[in-house]
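Chains, contacts and geometry: an overview
The lines below spell out each chain.
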Amino acid sequence: MAGHSESHVHPVSLYTRTLWWLLALLVLTVAAGYIPNVPNWLGVVIALTIAVWKATIVIMNFMHVRFSGKLAWLFAGAGFFWLLIMLAFAFADYVSRPWEPFHGWPE
Amino acid sequence: MSVQEIEKTATLEHTGDGHHHGDGILGEQFETLEQQNNAYLIGMWAFIVQEVLFFGAIFTSYAIYRYKYVLEFTLAHHELNVWFGSLNTFVLLLSSYTMARAVRAAMQNRHKKQAIYLFLTFLLAGEFMLNKYFEYGAKFEHHLFPGGDYSAHEVVKHAKEKGELRIVEENGREFYELGKTRDGQFIAFKRVTPEEFEQRTRLFFGFYFIMTGLHGLHVLVGMIVIAILIGRAWIDHLKNKPIADYMPVEMTGLYWHLVDIVWIFLFPLLYLIGR
């Protein structure tokens, strides 16, 4: 009767392990934020690396993408890919030319 | 299964086609339950992708302005409470776990367990919002909300105490020098007028309130949906329903994890970097 759904049920340990990893990474990212004299760019790189790591295990384990079909992979990948396009192209523009003057905002 | 339910099932079932329209879960436009569930999931993922881009656009503009006014933004960063941010991250990560367990219970048709895990998720979400309430309250109290009475006074005060800002006078005009104190010596990186400093820190708090506010709105919407699911699961439990559609819980779970992921990025980018 419930055969169609039982096949998708994963062991509790999958979720427990994911939670422990997430909490460990939370401690790590807060600790990394307090290391003295880290250059600004490096702090951003460390924070973003850990954030991407955390997001990936949430997507894979909690959101079940690891066990999903190719279409779910395509969608999850597309979201990430489009975000990268937006960031890359926006930055390519802003870092490569002077900013337009904005009324009331002295340069 | 009661006699009535079996009768109902028998009348609804397409005779001999081997499909499970009978349990009231499968819509008639779908061939199999698997096909229906996949259609649900893809729809939900399409929504999630647009949410990623929606938040992504705000993250992009935040990144661009932080890149341009990195010193001003860094000093404004210091006004945020890392303790509150960490606590809220912990609460949201935990709520993602309880949500995943609720989905698991739903897949097993364990309605009571599902209702309990959903309720825990709801409580954790409430705790998140409560923390936000206190956090926002403190910002309003210190005039850091970018509204009519915004003032960078607190930012200037704390930056001066930490030796990262110095007030200098030149030709009777006041300037702020932003920099660092090393071995008792102030090294200036940039000089700004008090008005510029006020506008740029105000911009930071604008981003802070927009980003955390929109995220908080998503948490509130999630809480409403979760409350409805708790009611449904509890009714299924009371009625001893042998089988219920788990997809609403699974899809709400996907939404809830997305809300968690947005916070996973908001937390370090607003609270941690530049410390």
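No experiment lies behind these values; they were computed from the predicted model shown.

Counting its regular elements, chain A contains four helices and zero strands. When the helices and strands of chain A are listed from N to C terminus, the series reads α-α-α-α. Among the 107 residues that make up chain A, the fraction classed as buried is 22%.

With that settled, the discussion passes to the environment of V156 of chain B. Following the sequence through the fold, V156 of chain B ends up in helix α6 (residues 153-161). Separated by 83 residues in sequence, V156 of chain B and K239 of chain B place their C-alpha atoms 62 Å apart.

Between its terminal C-alpha atoms helix α2 (residues 12-33) of chain A stretches 32 Å, which fits the 32 Å expected from 22 residues at 1.5 Å a residue. Residues of α2 of chain A that are buried: Y15, T18, L19, L22, L26, T29, V30 and G33 of chain A. When α2 of chain A is viewed along its axis, its buried side chains cluster within an angular range of 100° and face the same direction. Of the exposed residues in α2 of chain A, the ones pointing more than 90 degrees away from its buried face are S13, W20, A24, V27 and A31 of chain A. Buried residues in α2 of chain A make contact with α3 (40-62) of chain A together with α4 (82-107) and α8 (247-272) of chain B.

Right, let's talk about the interface of chain A and chain B for a bit. Listed as interface residues are 42 residues of chain A and, on the opposing side, 45 residues of chain B. Put simply, the parts of the chain that give the side of chain A that touches chain B at least two residues each are α1 (3-6), α2, α3 and α4 (70-96) of chain A. Of all the elements, α4 of chain A adds the most residues to the side of chain A that touches chain B, at 13 residues. Residues that form the side of chain A that touches chain B fall into these classes: 31 nonpolar, 10 polar and one charged.

Here chain A is described as being made up of domain 1 (9-67) and domain 2 (69-98). Centre-to-centre, using C-alpha coordinates, domain 1 of chain A lies 21 Å away from domain 2 of chain A.

Another aspect to go through is the packing of helix α5 (residues 111-141) of chain B against helix α7 (residues 194-238) of chain B. Residues and elements named next belong to chain B. One way to put it is that α5 packs onto α7 with a least axis distance of 9 Å and a crossing angle of 155°. One way to sum up the angle between α5 and α7 is to call them roughly antiparallel. Handedness of the α5/α7 crossing: left-handed. Counted by class, the contact of α5 with α7 contains 16 nonpolar, eight polar and three charged residues.

As a further point, take the nonpolar core. Core analysis: the biggest nonpolar cluster contains 87 residues, and W45, A102, L118, V262, L266 and L270 of chain B have the highest contact counts within it. The greatest single-element share of this core, amounting to 18 residues, is contributed by α8 of chain B. Summarising the domain contributions, this core has at least three residues from each of domain 1 (9-67) and domain 2 (69-98) of chain A. Excluding residues that lie within four positions of it along the chain, W45 of chain B makes contacts with A72, F75 and A76 of chain A.

Moving on, we come to the pairing of strand β3 (residues 185-192) of chain B. Residue and element names in this part refer to chain B. Two strands pair when backbone bridges link them, and strand β2 (residues 173-182) and β3 are joined in this way by seven bridges, in the antiparallel orientation. Directly across from T181, in β3, lies its bridge partner F186. Here β2 folds back onto β3 in antiparallel fashion, the turn holding two residues, of which D183 has a positive phi close to 55°.

Right, let's talk about the sheet that holds β2 of chain B for a bit. Residues and elements named next belong to chain B. Taken in spatial order, the three strands of this open sheet run β1-β2-β3, and their pairing is antiparallel. The sheet is open, and its two edges are formed by β1 (165-170) and β3, each paired on a single side. Direction aside, neighbouring strands of the sheet carry axes that sit 40° apart on average. Strand direction decides the pairing type here: β1 and β2, joined by six bridges, are antiparallel. Note that in β2 the partner of R166 across the bridge is E177.

Let's shift gears to the packing of helix α2 (residues 33-68) of chain B against α8 of chain B. Residues and elements named next belong to chain B. Viewed as axis vectors pointing N to C, α2 and α8 meet at an angle of 20°, and their least axial separation amounts to 10 Å. Here α2 is positioned roughly parallel relative to α8, judged by the angle of their axes. Considering the relative orientation of α2 and α8, their crossing is right-handed. Between α2 and α8, the contacting residues are N37, Y40, M44, I48, E51, F55 and F59 on the first element and M247, M251, L254, L258, V262 and F265 on the second. Among the residues making up the contact of α2 with α8, the classes are represented as 11 nonpolar, one polar and one charged.

This brings us to the environment of L25 of chain A. Residues and elements named next belong to chain A. Structurally, L25 can be placed in helix α2. Since 18 C-beta atoms lie within 10 Å of it, L25 is described here as partly exposed. The spacing of L25 and M86 is 61 residues in sequence and 27 Å in space, taken between C-alpha atoms. Leaving out residues up to four positions away in the same chain, L25 has contacts with I50, W53 and K54.

Low-pLDDT portions of the prediction should not be read for the details of their coordinates. All names here are of chain A. Summary statistics for chain A give a mean pLDDT of 85 and a share of 89% for residues scoring 70 or more. Considering each helix and strand of chain A separately, the mean pLDDT is smallest for α1, with a value of 44, and largest for α2, with 95. Scored below 50 in pLDDT, residues 1-6 shows seven contacts in the model against residues more than four places distant or in partner chains.

The rules behind the values
- Residues numbered from 1 in each chain as written.
- Chains lettered and ligands numbered in written order.
- Predicted model: local features only at pLDDT ≥ 70, side-chain atom pairs only at ≥ 80, totals over all residues.
- Helix = DSSP H or I, 4+ residues; strand = E, 2+ residues; numbered from the N terminus.
- Buried ≥ 20, exposed ≤ 12 C-beta atoms within 10 Å, placed from the backbone.
- Expected span 1.5 Å × (residues − 1).
- Arc of directions from axis to C-beta.
- Contact = placed C-beta atoms within 7 Å.
- Nonpolar A, V, L, I, M, F, W, Y, C, P; charged D, E, K, R; others polar.
- Domains from an automatic or database assignment.
- Axes fitted to C-alpha atoms, helices over the stretch in contact; angles between N-to-C directions.
- Parallel < 35°, antiparallel > 145°, perpendicular 65-115°, else oblique.
- Left-handed = near helix turned anticlockwise from the far one by under 90°.
- Core = buried A, V, L, I, M, F, W, Y, C linked by C-beta atoms within 7 Å.
- Pairing = 2+ DSSP bridges.
- pLDDT = per-residue confidence, 0-100.

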